[in-house]
Amino acid sequence: AQSVAQPEDQVNVAEGNPLTVKCTYSVSGNPYLFWYVQYPNRGLQFLLKYITGDNLVKGSYGFEAEFNKSQTSFHLKKPSALVSDSALYFCAVRLTRTGGGNKLTFGTGTQLKVEL
Amino acid sequence: GAGVSQSPRYKVAKRGQDVALRCDPISGHVSLFWYQQALGQGPEFLTYFQNEAQLDKSGLPSDRFFAERPEGSVSTLKIQRTQQEDSAVYLCASSPGTGNTEAFFGQGTRLTVV
């Protein structure tokens, strides 16, 4: 079984400050990890993914995430937040093993609010 | 089109009515997924197609739910005898390959059962 935990329902940050959205995962094997963002009345948009290699992954809109195998975490970060980053963020995991299926398992989401 | 297209965007059904939700994936995408997203929750996996083959339907909540992708392109999710607990946003996603490729999501169909 695979699962994802996003411990914070909401994160508030001032514009210009760094932001972190937390994610931990549980899988019985090696994971592929993803972050998606959801704006109101819109579908999920892909931000970034970790497959293998460098633990620091850079993605769209200045976001990055760090894969930490020992802590089973994949926190989303951005050095300087913008008001336009305010949205709902989802972490997701997929197993890498052959025959493991391709389904993504999502966390419950974290609402990011960036204020002036 | 450039992205995954779902129709209708909104559907109101009376309890007991059958509904059909359509997904047009990105052209050439091998993989197609259906997810259910309840209010305030993350998307929950329903079923997965690789071309026309339904390889995983472990997430379908009951035998009232049925999905098909007969020609390996357009997919339809059908819900028979809808119940109030079926009210949710149904998301379709496609990806060009399998494994480590990211999925591209449609805007979803919001189903309300009254």
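The structure we're discussing is the one just above.
Cut-offs used in this document
- Residues numbered from 1 in each chain as written.
- Chains lettered and ligands numbered in written order.
- Predicted model: local features only at pLDDT ≥ 70, side-chain atom pairs only at ≥ 80, totals over all residues.
- Heavy atoms only, no water.
- Helix = DSSP H or I, 4+ residues; strand = E, 2+ residues; numbered from the N terminus.
- Rg over C-alpha atoms; globule rule 2.2 N^0.38 Å.
- Contact = heavy atoms within 4.5 Å.
- Areas by Shrake-Rupley, 256 points an atom, 1.4 Å probe, with all protein chains shown as cover.
- Phe/Tyr/Trp six-rings, centres within 6.5 Å; stacked < 30°, edge-to-face > 60°.
- Disulfide = S-S within 2.5 Å.
- Buried < 20%, exposed > 50% of the residue type's maximum accessible area, 1.4 Å probe, protein only.
- Pairing = 2+ DSSP bridges.
- Polar contact = N/O pair within 3.5 Å; in protein donor to acceptor, adjacent residues only side chain to side chain.
- Axes fitted to C-alpha atoms, helices over the stretch in contact; angles between N-to-C directions.

Colleague: Give me the overall build of chain A: which residues, what numbers.
Modeller: When helices and strands are tallied, chain A shows zero helices and 12 strands. Along its sequence from the N terminus, chain A presents helices and strands in the succession β-β-β-β-β-β-β-β-β-β-β-β. Expected size for 116 residues packed as a compact globule is a radius of gyration near 13 Å; at 14 Å, chain A falls within 12% of this value. For chain A, the C-alpha atoms occupy an extent of roughly 45 × 30 × 20 Å along the three principal directions. Within chain A, contacts between residues at least 6 apart in sequence are counted, and of these 57% link residues at least 24 apart. For chain A, the exposed area adds up to about 5500 Å²; of that, 48% sits on carbon and sulfur atoms.

Colleague: I'd like a rundown of the packing of aromatic side chains, residues and numbers included.
Modeller: For any two aromatic rings, the description comes down to two numbers: the centre-to-centre distance and the angle of the planes. What the rule picks out here adds up to 14 aromatic pairs over all chains. Counting every residue linked through ring pairs, the aromatic cluster contains Phe-34, Tyr-36, Phe-46, Phe-90 and Phe-106 of chain A together with Phe-33, Tyr-35, Phe-45, Tyr-48 and Phe-105 of chain B.

Colleague: So what about the state of the cysteines? Which residues, and what values?
Modeller: Using the criterion set out here, one finds two disulfides over all chains in the structure. Across a sulfur-sulfur distance of 2.0 Å, Cys-23 of chain A and Cys-91 of chain A are joined as a disulfide pair. Negative torsions about the S-S bond denote left-handed disulfides, and the value of about -65 degrees found for Cys-23 of chain A with Cys-91 of chain A makes this one left-handed. Here the residue Cys-23 of chain A occupies a position in the loop between β3 (19-21) and β4 (24-26), and Cys-91 of chain A occupies one in strand β10 (residues 87-95), the gap between them amounting to 68 residues. Across the disulfide, Cys-23 of chain B is cross-linked to Cys-92 of chain B (sulfur-sulfur distance 1.9 Å). Between Cys-23 of chain B and Cys-92 of chain B, the S-S dihedral sits near -65 degrees, and the bridge is therefore left-handed. Of the two residues, Cys-23 of chain B sits in strand β3 (residues 19-24) while Cys-92 of chain B sits in strand β9 (residues 88-95), which places them 69 residues apart along the sequence. Given the relative accessible area of 0%, Cys-23 of chain B is considered buried. Assessed through its relative accessible area of 0%, Cys-92 of chain B is described here as buried.

Colleague: Pulling in residues and values, what's your account of the pairing of strand β5 (residues 44-50) of chain B?
Modeller: Residues and elements named next belong to chain B. The element β5 is extensively covered by neighbouring structure, given that five of its seven residues are classed as buried. As defined by bridge partners, strand β4 (residues 31-37) adjoins β5 across six bridges and the pair is classed as antiparallel. Pairing of Trp-34 across the sheet is with Thr-47, part of β5. Between β4 and β5, which pair antiparallel in sequence order, lie six residues; one of them, Gly-40, sits at a positive phi of approximately 75 degrees. The pairing of β5 with strand β6 (residues 53-56) spans three bridges and is classified as antiparallel.

Colleague: Please set out the side chain of His-29 of chain B residue by residue, giving values where relevant.
Modeller: Residues and elements named next belong to chain B. Relative to the helices and strands, His-29 resides in the loop between β3 and β4. In this structure the side chain of His-29 is engaged in a polar contact, spanning 3.4 Å, whose partner is the backbone nitrogen of Ser-95. When near neighbours in sequence (up to four residues on either side) are disregarded, His-29 contacts Arg-69, Ser-94, Ser-95, Pro-96 and Phe-104.

Colleague: How would you sum up the sheet that holds strand β8 (residues 75-79) of chain B? Please name residues and give values.
Modeller: Residue and element names in this part refer to chain B. Taken in spatial order, the four strands of this open sheet run β1-β3-β8-β7, and their pairing is antiparallel. Both edges of this open sheet fall to β1 (5-7) and β7 (65-68), since each of them pairs with a single strand only. Mean inter-strand twist for the sheet, computed between neighbouring axes without regard to direction, equals 15 degrees. In terms of strand pairing, β3 meets β8 through five bridges, oriented antiparallel. Counted as the bridge partner of Ala-20 is Lys-78 from β8.

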